Amino acid sequence: MTTPPAGLRERKKQATREALRAAALRLAMEHGPDRVRVEDIAEAAGVSPRTYNNYFASREQAIVSAVTADREARIAAAVAARPKDVRLAEAVTEAVVEQYTDAGEGRHEALLFSTTRPALRHAFLDSTAGIEPPLTTVVAERLGDAGAPTARVLAASVAAAVRIALEGWLRPAGEDAGAVGSLDAGGLVVPAGSLSDRLRAALAPLAPAFDAAERRLQP
């Protein structure tokens, strides 16, 4: 059998991923996330459960992926596209805010669905960890220190800051921000307040570290 060219393989993989995302979200919104099986998602997307497992580790991850949709890679691409005379801290902050607050056409309802259902909320929060790998690569290129840990530390800090901002955004109104386990309670949570403001506030403490890393590049 002739092996398809690499570009064609990647396009097929992306098409399969998108089909699984769409099927997962549609079935979850029709029947409720707790009533959707991996087998149902795979069948609706026209693939086997084994193929499904090559793309997603759980049904929750697939459903939430329909909302996040490669957001992590888009954040990294947005940072890379910023002019070099823009501070790295500013480039990262603007990229994160842009990608997290622009739900895209038809995604607002899906975003609310994913963030207000207990079964999906944690998968949505866990997806922030995906920011680290692509952002590490871009920051390392910007700093010219691919072998140093600085880029990874900065990228991991960004991922943690974004998660903290989202946790605050999803916290029930009037609840103590320091409450432990509040998002584990299983109740309905309605996103409130400005997510943009929360993201900027959470990322602000990282600016000195980004600035210091950039200063080391100056002659």
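Residues numbered from 1 in each chain as written. Predicted model: local features only at pLDDT ≥ 70, side-chain atom pairs only at ≥ 80, totals over all residues. Heavy atoms only, no water.

## Thoughts on the packing of aromatic side chains
Part 1 of the reasoning: Taken as a whole and assessed by the stated rule, the structure comprises one aromatic pair.
Part 2 of the reasoning: For R71, the ring lying beneath its charged end belongs to Y100, and the centroid distance is 4.1 Å. (Phe/Tyr/Trp six-rings, centres within 6.5 Å; stacked < 30°, edge-to-face > 60°. Lys NZ or Arg CZ within 6 Å of the ring centre and 35° of its normal.)

## Structural notes on the pattern of salt bridges
Part 1 of the reasoning: Following the criterion strictly, the structure yields 12 salt bridges and no others.
Part 2 of the reasoning: Between R59 and D34 there is a salt bridge, with the nearest N and O atoms lying 3.8 Å from each other. Of this pair, R59 sits in helix α4 (residues 59-68) while D34 is found in the loop between α1 (6-31) and α2 (38-45), placing the two residues 25 residues apart along the sequence.
Part 3 of the reasoning: The exposure class of R59 is partly exposed, given its relative accessible area of 22%.
Part 4 of the reasoning: Here R163 makes a salt bridge to D126, at a shortest N to O gap of 2.7 Å. Of this pair, R163 sits in helix α10 (residues 150-170) while D126 sits in helix α8 (residues 118-126), and the two are 37 residues apart along the sequence.
Part 5 of the reasoning: Overall, D126 belongs to the partly exposed group, its relative accessible area being 47%.
Part 6 of the reasoning: One continuous salt-bridge network, built from bridges that share partners, spans D34, R59 and E60. (Salt bridge = Lys/Arg side-chain N within 4 Å of Asp/Glu carboxyl O. Helix = DSSP H or I, 4+ residues; strand = E, 2+ residues; numbered from the N terminus. Buried < 20%, exposed > 50% of the residue type's maximum accessible area, 1.4 Å probe, protein only.)

## Thoughts on the environment of E39
Part 1 of the reasoning: Position of E39 relative to the elements: it lies in helix α2.
Part 2 of the reasoning: For the pair E39 and Y52, spaced 13 residues apart in the sequence, the C-alpha separation amounts to 8.5 Å.

## Focus: the environment of E72
Part 1 of the reasoning: In this fold, E72 is placed in helix α5 (residues 71-81).
Part 2 of the reasoning: Among the residues examined, E72 registers a relative accessible area of 15% and is labelled buried.
Part 3 of the reasoning: Excluding anything up to four places from it in sequence, E72 contacts S127, G130, I131 and P134. (Contact = heavy atoms within 4.5 Å.)

## Here's the deal with the packing of α10 against helix α11 (residues 195-203)
Part 1 of the reasoning: Two numbers describe how α10 lies on α11: the axes approach to 8 Å, and their chain directions differ by 140 degrees. In terms of orientation, α10 and α11 fall into the oblique class. Helix-helix and strand crossings are classified by hand; for α10 and α11 the assignment is right-handed. Of α11, the residues touching α10 (which contributes V158, A161, V162, A165, L166, G168 and W169) are L195, R198, L199, A202 and L203.
Part 2 of the reasoning: For the contact of α10 with α11, a count of residues per class yields 10 nonpolar, one polar and one charged. (Axes fitted to C-alpha atoms, helices over the stretch in contact; angles between N-to-C directions. Parallel < 35°, antiparallel > 145°, perpendicular 65-115°, else oblique. Left-handed = near helix turned anticlockwise from the far one by under 90°. Nonpolar A, V, L, I, M, F, W, Y, C, P; charged D, E, K, R; others polar.)

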